[in-house]
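So the chains spell out like this:
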Amino acid sequence: MSRTTMIGRSLLEVLLVLSISLIPVASGLAVMVYQQDRKLAENARISLQEAIYSVDLSLDRLDAVVSNALTLSGKPCAEVKPSLIKQVTETQYLRSLTLSQNREVYCSSLAGVVDGAIDFAEIQAPLQLIVDATLTPSRAVLLYQLQRDDFSATATSYADQLRDELSAFQDGLTLLLEFGDAYIWNGDASGLSRPSQSEYFQTAVSEKYGYTLKVGYAQGYSAQEARQSMILVLPSLVLIGIVTGSIIYWAMFRRGPRGGNAVNPR
């Protein structure tokens with residue numbers, strides 16, 4: 001066998017060993033990316049359900065307060081005002097309770113009967129999120145109203161209670177709670193633009209209260225997670241590749257000299 005043929009054959013064997021060594025690395029990285037993809041998608045799906053449940057539960061507590069206030073409607077303000085004030089002082093995040101008749105406010109837990117940040121005559125939906133110039137964005141107000149005949153009871157509550165529910169999800173997921181055109185999310189409340197939710201995006205509407213919840217990861221989040229995971233697993237995969245290549249190399253060359261049978265000396 002010529003020297004050139006032997007060199008070419010050796011080179012092919014080395015390339016073959018290197019290729020086989022890369023198989024565990026490539027397959028390991030592919031499995032890692034696949035598992036991460038499934039994990040993020042599943043987390044978004046489960047978090048959407050859990051967040052809907054948590055927000056509904058928070059609004060259930062607000063509904064109970066307003067329902068109790070509605071039972072006081074029709075009674076003289078002097079008689080029911082102490083009860084309204086007591087409920088506000090004992091309920092976390094609650095800002096005010098107001099009673100109205102024919103859309104005209106006649107009693108409130110506040111010092112006056114008018115909440116300067118809210119036009120009660122313009123209330124169109126039972127549940128609204130209000131961000132007014134007189135309020136900072138981080139102190140947006142949630143408005144909830146129940147009606148009975150000509151009477152209505154209205155509660156205003158700081159939206160921090162719902163933001164706290166969203167902020168409980170500490171896994172990089174962005175959750176946005178939408179009431180019509182107004183929204184809050186589990187991030188910087190002072191931001192003027194909507195957060196990115198382009199990756200693994202999912203959305204659902206609350207059957208009980210009608211708000212929309214949107215969840216998703218920011219653009220580039222999955223790539224960042226993949227890089228961090230790669231840093232952790234790549235050394236192990238490379239080690240496996242080296243061991244695999246060494247075994248293949250030993251199996252190929254343990255046969256001894258190539259090119260025919262060796263001649264036994266006499």
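Rules used throughout
Residues numbered from 1 in each chain as written. Predicted model: local features only at pLDDT ≥ 70, side-chain atom pairs only at ≥ 80, totals over all residues. Heavy atoms only, no water. Salt bridge = Lys/Arg side-chain N within 4 Å of Asp/Glu carboxyl O. Helix = DSSP H or I, 4+ residues; strand = E, 2+ residues; numbered from the N terminus. Buried < 20%, exposed > 50% of the residue type's maximum accessible area, 1.4 Å probe, protein only. Phe/Tyr/Trp six-rings, centres within 6.5 Å; stacked < 30°, edge-to-face > 60°. Disulfide = S-S within 2.5 Å.

Caption draft 1: Fine view of the pattern of salt bridges. Scanning all chains against the criterion turns up seven salt bridges. Of the charged contacts, one joins D160 and R163 as a salt bridge, the two residues approaching to 3.8 Å between their closest N and O atoms. Pair noted here: D160 and R163 are both in helix 3 (residues 160-167), with a separation of three residues, about one helical turn. Judged by its relative accessible area of 16%, D160 falls in the buried class. Its salt-bridge partner being R194, residue E178 comes within 2.7 Å of it at the nearest N-O pair. Taken together, the positions of E178 in strand 6 (residues 174-179) and R194 in the loop between strand 7 (182-185) and strand 8 (199-205) put the pair 16 residues apart, joining distant regions of the chain. Exposure remark for E178: the relative accessible area of 12% places this residue in the buried category.

Caption draft 2: Representation of the environment of L57 within the structure. Mapped onto the fold, L57 is located in helix 1 (residues 3-70). Considering only alpha carbons, one finds L57 and E165, 108 residues apart in sequence, at a separation of 9.9 Å.

Caption draft 3: Representation of the packing of aromatic side chains within the structure. Going through the model one piece at a time under the given rule, you end up with four aromatic pairs. Judged by centre distance (6.2 Å) and plane angle (70°), the rings of Y144 and Y209 are edge-to-face. Within this pair, whereas Y144 is found in strand 4 (residues 141-148), its partner Y209 is found in the loop between strand 8 and strand 9 (212-217), the two being separated by 65 residues in sequence. Take Y209: its relative accessible area is 15%, and that puts it in the buried class. When the centroid spacing of 4.7 Å and the interplanar angle of 20° are considered together, the rings of Y217 and Y221 count as stacked. In terms of burial, Y217 and Y221 fall into one category: buried. Of the aromatic side chains, those joined through ring pairs into one cluster are Y200, Y217 and Y221.

Caption draft 4: Geometry of the state of the cysteines. Overall, the coordinates contain one disulfide when judged by the stated rule. Covalently, C77 is tied to C107 through a disulfide, its sulfur atoms 2.2 Å apart. Because the torsion about its S-S bond is 70°, the bridge between C77 and C107 counts as right-handed. Here C77, found in helix 2 (residues 77-90), pairs with C107, found in strand 2 (residues 104-108); they are 30 residues apart in sequence, far enough to count as distant. By relative accessible area, C77 is classed as partly exposed at 21%.

Any functional reading would require information that these geometric values do not contain.
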